[in-house]
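One-letter residues, chain by chain:
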Amino acid sequence: MTTHRERRRDRPEPAVMATGLGQQYNVACTELNQPVNHFIEDVLAQLDRQEQFTSTLKICGNNRLMAVTRVTDEDFLAISHVLKHNSFITDLDLRFNNLTNNGAVHIAKFLQDNCSLFHVNLMGNDIETEGAEHIAKALHRNDSLRSLRMTGNKIGNKGGMFFAAMLQINTSLEELDLGDCDLGIQSLIAFATVLKQNKSIKSINLNRPLFYVSQEDTSIHIAQMLKVNNTLQEIHLSKYEMTDSGVERLCEALQENRTLRYLDLSCNKITRDGVKCLAELLKNNTTLEILDLTSNRMEDEGAMYLAEAIHLYNSSLKALAIVSNNITGQGLKTLAAATKQNKGLEYIYIWGNVLDEDACMAFSDLLYSGRLNASTTDVRPYTVDGRVYLAELFHGLKKHYYWSPTYGIADDPVCNSCLTLLNDDDKF
């Protein structure tokens, strides 16, 4: 399969334009008889001045380094004019702006008629069910888009159904992020059903659906999907109200799955019994590379189940997040010993647990011995009055999910190790 990077290398270099991007934007505003958004103008002017070629246009409403006037529905019409005449721009980032259902109509029309964009980020806008319908139906005919992020747009259960229906027709989209979109049980079951047949989606985010009763129906459907799906490599099921019984069903399915690399089960209701099932999975599964169990309640017994699997059986897991799981020094010490023996485990995150003296000494030894380094964990040792303590580092699997940093790059591999791991094999 041709990768994104290969597609970009095959794309010809952009022709020299008679005017810069900022000037083209001003012309479009004049033609459309609408005021110039100086934030958009400044972003495009900066892109003009960059010496190094880039195919990404970031007009993010949460940019802390510029005076921001957030993009409106009408503003997108002028942006689309610029995009039509500059097909070298393949990535469009419009996160945290003021795009509504009306803006979604313009975006849908552009996606339906345009074949240059590979990645679109609409995270944190005000698109609802009607807008989701327009975008999803536009993707029935679009065969160029590879990644779409709708995170935080309250498209609801019905909006989710439109996207599930789209996946029955679209065969080019590889990444779909619908986290925090207020999906309901029906749309989750629809996604699980469609993904049994879809052969293109490699990554899907279904975080934080709305459940009005406690049940594991969706977990069972997703487990059945994972049992037969041989394309999906990354799935996010955070804030799913998932209990140990749901995890057990997932693990049974994943015993037969040989493609999933990244499993996110953070912020659920998983205790030691569910972690025991995951530990048994790790003993046999050689595909899973990233496991996120942040903000569950595995406690020391769960940590020991994981430690046994990591120490004696599993050498394929590369990253483990067990942040905020009520683990004391006893469990963390056992995990540290297992990590010392397992050379394949590159990243481990432990902050938010009970970091008593045993835990501090164990992870201090891992760091001072060189088994871990400061960029592959979220703690750093320091000494006060002869006693070792651990301080928190702002590192993790995916720290910059909702926001951009004040300085530096948003996708810093130290803060977002999952991006480094997934890109190692050039699969995304």
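Residues numbered from 1 in each chain as written. Predicted model: local features only at pLDDT ≥ 70, side-chain atom pairs only at ≥ 80, totals over all residues. Heavy atoms only, no water.

- As recorded in an unreviewed UniProt entry, the protein goes by the name Leucine-rich repeat-containing protein 34, listed as coming from Engystomops pustulosus.

1. Regarding a nonpolar patch on the surface
Then comes step 1: On the surface, a cluster of nonpolar side chains totalling about 350 Å² of accessible area is made up of Leu210, Tyr212 and Val213.
Then comes step 2: Mapped onto the fold, Leu210 is located in the loop between strand 6 (203-205) and helix 9 (217-228).
Then comes step 3: Leu210 sits in the partly exposed class, given a relative accessible area of 30%. (Patch = residues over 30% accessible without salt bridge, like charges linked within 9 Å, V, L, I, M, F, W, Y side chains within 5 Å. Areas by Shrake-Rupley, 256 points an atom, 1.4 Å probe, with all protein chains shown as cover. Salt bridge = Lys/Arg side-chain N within 4 Å of Asp/Glu carboxyl O. Helix = DSSP H or I, 4+ residues; strand = E, 2+ residues; numbered from the N terminus. Buried < 20%, exposed > 50% of the residue type's maximum accessible area, 1.4 Å probe, protein only.)

2. So, the environment of Asn62
Then comes step 1: Inspection of the secondary structure assignment puts Asn62 in the loop between strand 1 (56-58) and helix 4 (73-84).
Then comes step 2: In this structure, the C-alpha to C-alpha distance between Asn62 and Trp403, residues 341 residues apart in sequence, is 7.2 Å.
Then comes step 3: Aside from chain neighbours lying at most four places away, what touches Asn62 is Arg95, Phe96, Tyr402, Trp403 and Ser404. (Contact = heavy atoms within 4.5 Å.)

3. Concerning helix 2 (residues 21-32)
Then comes step 1: Taking 1.5 Å per residue as the helical rise, helix 2 with its 12 residues ought to reach 16 Å, and the 16 Å between its terminal C-alpha atoms agrees with that figure.
Then comes step 2: On its buried side, helix 2 packs onto helix 3 (38-49) and helix 4.
Then comes step 3: Of the residues flanking the end of helix 2, it is Asn33, one or two places downstream, whose phi is positive at about 60 degrees. (Expected span 1.5 Å × (residues − 1).)

4. A short note on the pattern of salt bridges
Then comes step 1: In total, this model carries 17 salt bridges according to the counting rule given.
Then comes step 2: Ionic pairing is found between Asp93 and Arg95, a salt bridge with its closest N-O pair at 2.6 Å.
Then comes step 3: A salt bridge links Glu301 to Arg272; its shortest N-O distance comes to 2.5 Å. Pair noted here: Glu301 is in helix 12 (residues 299-312) and Arg272 is in helix 11 (residues 272-284), with a separation of 29 residues, a long-range link.
Then comes step 4: By relative accessible area, which is 40% here, Glu301 ends up partly exposed.
Then comes step 5: By relative accessible area, which is 37% here, Arg272 ends up partly exposed.

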